[in-house]
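Observations on chain architecture
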Amino acid sequence: MSLVVPVGGTWSAREGHSKWWVPDSPWCQALTRAGHQLLDREDPFFWSTNLDGLTGHNADWEAAGAALRWYCQGKTVEVPVLVGHSHGGSVIAYACARGLRARVVTVGTPVRAELQPIWRQAMVNIPEARHTHIWSDESTGGEWQKWGSLPLPMGFAFTREMPLARDNVYIAGQSHQGLMEVSVWDDQNLWRLIDGSP
């Protein structure tokens, strides 16, 4: 059994957006049925979920990362599993870069050039490099991950694979939001990734 902290992405706290990360959501309920538990069901982690990174400054992600580190370190001595969708993964990068030891699953997190040094720092605090990244193609909504992606050396294409992740798991035909659907996690047996299984 793993202690899991879900970290929502940009705008996920706003009205009308999928709140997969709240304790009574279908995703969190399925997580529990899969044999895991939330680090704190009564006091879940949340952050502003504001859009960030447009001007070269990542103040919201960095502040949320500091809050995530404090949140986890104040609640457990165990190594939690952080599951971040979209820029929730950027928040996780900052938390681990600042000293939070955790296993990491990122889902549809944009691969941004300016975050690569942060991810390198973060990997020091991810035991056995247990970072798995789940990504989708350019089906409906896939462009959200592509917009913030890292250009390849020739400058013409973008990658959605996380360069420093131990495993990159490609899910065909899913939208950016669709990656957090319980049916996708069930059909692809993605729950195994929370324990670090390939």
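Read on for an overview of the structure. Everything quoted here is computed from the prediction, not taken from an experiment. (Residues numbered from 1 in each chain as written. Predicted model: local features only at pLDDT ≥ 70, side-chain atom pairs only at ≥ 80, totals over all residues. Heavy atoms only, no water.)

**Describing the overall build of the protein**
Of regular secondary structure, the protein possesses six helices and eight strands. In the protein, the succession of helices and strands from N to C terminus is β-α-β-α-β-α-β-α-β-α-β-β-β-α. The buried share among the 198 residues of the protein stands at 54%. If you take every contact in the protein between residues at least 6 apart in sequence, the share linking residues at least 24 apart comes to 69%. (Helix = DSSP H or I, 4+ residues; strand = E, 2+ residues; numbered from the N terminus. Buried < 20%, exposed > 50% of the residue type's maximum accessible area, 1.4 Å probe, protein only. Contact = heavy atoms within 4.5 Å.)

**As for the side chain of S90**
Relative to the elements of secondary structure, S90 occurs in helix α3 (residues 88-97). The contact partners of S90, leaving out residues within four places of it in the chain, are W61, T109 and L115.

**What about the side chain of S136?**
If you trace the backbone, S136 turns up in strand β5 (residues 131-136). Polar contacts involving the side chain of S136 include one to the main-chain carbonyl oxygen of Q174, which spans 3.3 Å. (Polar contact = N/O pair within 3.5 Å; in protein donor to acceptor, adjacent residues only side chain to side chain.)

**Describing unusual backbone geometry**
Unusually for a residue other than glycine, E128 sits at a positive phi of about 55 degrees. Counting through the fold element by element, E128 comes out in the loop between α4 (116-123) and β5. Even without a glycine there, the phi angle at N189 is positive, about 50 degrees. Given a relative accessible area of 41%, N189 falls into the partly exposed group.

**Some thoughts on the nonpolar core**
Judged by nonpolar contacts, the single largest core of 31 residues is most densely connected at V5, V7, L68, C72, L82, C96 and W119. Where this core is concerned, the elements lending two or more residues are β1 (3-7), α2 (59-73), α3 and α4. The element that contributes the greatest number of residues to this core is α3, accounting for seven residues. Not counting chain neighbours up to four residues away, the residues in contact with V5 comprise L39, F45, L68, Y71, C72, P80, V81, L82 and V83. (Core = buried A, V, L, I, M, F, W, Y, C linked by side-chain atoms within 4.5 Å.)

**Some words on the pattern of salt bridges**
Note that side chains of opposite charge can pair when their charged atoms are close. Summed over all chains, the structure comprises five salt bridges. Note that D40 is salt-bridged to K75, the shortest N-O span being 2.7 Å. Taken together, the positions of D40 in the loop between β2 (37-38) and α2 and K75 in the loop between α2 and β3 (81-85) put the pair 35 residues apart, joining distant regions of the chain. Classification of D40 by relative accessible area gives partly exposed; the value is 21%. For K75, a relative accessible area of 33% translates into the label partly exposed. (Salt bridge = Lys/Arg side-chain N within 4 Å of Asp/Glu carboxyl O.)

**What to know about the environment of A165**
Summarising the element assignment, A165 is placed in the loop between β7 (158-159) and β8 (167-171). In this structure, the C-alpha to C-alpha distance between A165 and M123, residues 42 residues apart in sequence, is 8.6 Å. Dropping the residues within four chain positions of it, A165 is found in contact with H131 and H133.

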